[in-house]
Amino acid sequence: MPPRDSATQIYRFGRQEILATLLCPLMIAGCGGSGSPSQMTISQTPMSQTIAFGAIAAQTAGASVVLTATSSSGLPVTFASTTPVVCAISGSMASLNAAGSCTLQASQAGNSSYAAATTVSQSFIVNAGLTACATPSPANPAAGSGTYRQIAINPNVYGTGSTSGWTVFGFSQEGALNGPGDPQVLEMLPNVVPRAWARWDTDGTHASDYNFGYPAQAKTAGIVFIGGTTATVLFPDEFPVAAQFESQVSCNAQGQPVIHSPLNFYRGSMASAAYRQYIVAIAELQIDGGVDGVFFDEVSGSYQGATYDNNEGFDDADVADFGGFLCAKYPSLSAAQWQSQFGITAADNLNCSTTAALAGRTFNYRGYLARNGWQTAPLISSNPLAAEWGAMGDDPQNGTFTNTYLYLVYWQDIVVTLRNYARQKYGREIYITANGIYPFVDLQAAGLFDYNYFGPGGSDQDFCPLTGSGDLDGTQSLMPAFLYMQQQSAYVAGRSVLVSVFIDWPSGPMSRYLSLPSSEQQDYWRMYVPEAYAVGVHFAMHLLDTVGDPTATQLGLMPYFDKAAAFYKLPAHAALYENAQNLTGVVNVSVANVATNLTGLSDRRTVAHLINHNYSKGFQAQSAVVVSFPVANAPTTVTLVSPDASGDTSIPFTYANGQVQVTVPQLVSYVALVTK
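Residues numbered from 1 in each chain as written. Predicted model: local features only at pLDDT ≥ 70, side-chain atom pairs only at ≥ 80, totals over all residues. Heavy atoms only, no water.

What follows covers the side chain of Q49. Considering the arrangement of structural elements, one finds Q49 in the loop between strand 2 (16-21) and strand 3 (51-53). There is a polar contact of 2.9 Å between the side chain of Q49 and the backbone oxygen of A115. (Helix = DSSP H or I, 4+ residues; strand = E, 2+ residues; numbered from the N terminus. Polar contact = N/O pair within 3.5 Å; in protein donor to acceptor, adjacent residues only side chain to side chain.)

Turning next to the state of the cysteines. The full count for this structure, using the stated rule, is three disulfides. Here C87 pairs with C102 through a disulfide, and the sulfurs are 2.0 Å apart. Disulfide C87 to C102: torsion about the S-S bond roughly 95°, handedness right-handed. With C87 in strand 8 (residues 87-90) and C102 in strand 10 (residues 100-107), this pair connects stretches of sequence that are 15 residues apart. On the basis of relative accessible area, C102 is assigned to the buried category, the value being 0%. The disulfide bridge from C133 ends at C251, spanning 1.7 Å between sulfur atoms. Here C133 is found in the loop between strand 11 (120-127) and strand 12 (170-172), whereas its partner C251 is found in the loop between helix 3 (242-246) and strand 16 (266-267), with 118 residues between them in sequence. Each of the two residues, C133 as well as C251, counts as buried. (Disulfide = S-S within 2.5 Å. Buried < 20%, exposed > 50% of the residue type's maximum accessible area, 1.4 Å probe, protein only.)

The next subject is the nonpolar core. Formed by 150 residues in total, the largest nonpolar core has its most connected members in F296, Y365, W411, F482, W525, F539 and F561. The element contributing the most residues to this core is helix 9 (residues 401-426), with 14 residues. Discounting residues that sit within four places of it in the chain, Y365 has contacts with F314, V319, F322, P378, N383, L385, A386 and W389. (Core = buried A, V, L, I, M, F, W, Y, C linked by side-chain atoms within 4.5 Å. Contact = heavy atoms within 4.5 Å.)

What follows is about the sheet that holds strand 5 (residues 64-66). Here three strands make up an open sheet; going across it, the order is 5-9-8 and the pairing antiparallel. Every interior strand has two partners, whereas the edge strands, strand 5 and strand 8, have only one. When the angles between neighbouring strand axes are averaged without regard to direction, this sheet yields 25°. Note: strand 8 against strand 9 (residues 93-96), four bridges, orientation antiparallel. The residue of strand 9 that forms the bridge with I89 is A94. (Pairing = 2+ DSSP bridges. Axes fitted to C-alpha atoms, helices over the stretch in contact; angles between N-to-C directions.)

Geometrically, the link from S261 to P262 is a cis peptide bond, its omega value of 0° lying close to zero. Along the chain, the position of P262 falls in the loop between helix 3 and strand 16. Residues W505 and P506 are joined by a peptide bond in cis, for which omega reads -15°. Checked against the element boundaries, P506 lands in the loop between strand 20 (498-503) and helix 11 (508-514). Unlike most non-glycine residues, N349 shows phi in positive territory, near 60°. Look at A624: it is not a glycine, yet its phi comes out positive at around 50°. Looking at the secondary structure, you find A624 in strand 27 (residues 622-630). Using a relative accessible area of 48% as the deciding quantity, one classes A624 as partly exposed.

Turning our eyes to something else, we now look at the packing of aromatic side chains. Going through the model one piece at a time under the given rule, you end up with 59 aromatic pairs. With centroids separated by 4.7 Å and ring planes inclined at 65°, the aromatic side chains of W166 and Y431 adopt a geometry described as edge-to-face. With a gap of 265 residues between them, W166 in the loop between strand 11 and strand 12 and Y431 in strand 18 (residues 431-434) connect regions that are remote in the sequence. Of the two residues examined, W166 and Y431, each falls in the buried class. The rings of Y303, F314, F322, F325, F363, Y365, Y368, W374, W389, F401, Y405 and Y410 are connected pair by pair, giving a single aromatic cluster. Above the face of the Y426 ring, R428 is positioned so that its terminal group lies 5.8 Å from the ring centre. (Phe/Tyr/Trp six-rings, centres within 6.5 Å; stacked < 30°, edge-to-face > 60°. Lys NZ or Arg CZ within 6 Å of the ring centre and 35° of its normal.)

Everything listed is a geometric property; what it means functionally is a separate question.
This is the structure we're talking about:
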């Protein structure tokens, strides 16, 4: 026993020390109360403890992992899983049941001497236990096996539904497919809701997941209701057995499925006929429920890779088609030439000397990449086949496998299948669109985000420019980008189709837009909606998204949106943008910082569009603005149309040397000058 004095004694219990007062001087006031010896009370504060639980490397589904964690107290640690579908716990053993992200927790509840430890979590990836991924078709796709010029286009892939009168777009996507619908849509009454629904994971894979009364309401109100689905996002739980997932998931060049954080999804392989049938069936559910069309998101996602490095799509289905593509593109190469030009040897098993249906389908491209050390960077410049494989863009004519087959084989197959379904079952046309610029669509519906290629010449365009102080930089025009998108659509689609855009989310433009003061949010739409209209693009006004961003109602924008929708839907105004053709004539303006465009209408009217970019935390109105622009013949009237005016008015003009000249009394945000 340790030494003691007359007042205190220290006892040691393990690593804890308790100082206990055992004796109290008899006559000290407040010690014992009555002068008799006091009864001692010992109080003990539990000591803290910590847990050491090390990181766990990526694992493979079907395996088990023995877990090791220790507490500083020496007390036993218990384990739990917060992702039981992916991994389950039995004692200190984790069973890895499915591909996905596994999160485990180590805890120690404490005892009379130790307080509970802070729980420690570890997360790790569980890869699907595959020897191959995305089972290939037995032969090249019916429309495939070739280059851009060799692939047949089925005439049934083109829609014949009219988009006439589609002027006002309202972007609203319901997070709950079976919810009552967005009341903002029925208040604003846009002509079109371009992506009202989108299937995500298993939500949307059954008819019972949807409230089909919502599209019926929209149709009664005269609104075109377009549903939708993610085209490539894939979760393991979408299939009852792992083998189905494994036969349709895309892979990287090492033959492993790629998990995309933080949502922990995979990509379905668009080269897989079974996967295409899967997403077609989801679209058919919505068509059965009465939607007017279907929007497909992230069609090109199969090739993106976890970090947008394009290291994905190297599954068996894609690789077999790539072999067919190579044989079709280079039909006359000898074995020696394949080796000299591309480094392909007999070990790579590229056999082009067989039937057209089977040519190239045994190509072992992943083995080729591994042999050369390129399996972690398959698009490295030293790989001579990287240029043949290609990186995703929006040009099916660029001569690469990924662009050729994604657009002209896989995408064509989806579109023609759905069009034939609606025609044969219901005798009607449906509208098909996708996020970006695509062939075979009835309308383009391109999301605006950072790191895009929508700026002039394919540059990156900032679709919500801010000043250094965080205000809207209204001095910047988006008209060149909108015009470029219009031109790209005509090139890619090969015909004239309506082009619409929306602010994608979560994205940089959306974050910057939401950071603006409410008055500047309204100015954003006052400025850039007419800029888009001026070149033939339709900018969807943002009502609702699925990640909890403030709605238009919460932002106080609905009164403006209601007014803007009524203005642009007015038949006399809608006609200014219907089938308008961009003209090359120059619009001269007497003041600086005004964006302009000249368009011609089918009834031979000419329209000069003026958007004011004199802006600093608000529009700086310009007075007595002199405008001149070319018109082939002397007009009889010039009408000033503006959402800032109380009504359309005829204004005085002069005409000389093929030029109309007018003076606009006031330019606030937007003015259209219409000659007749």
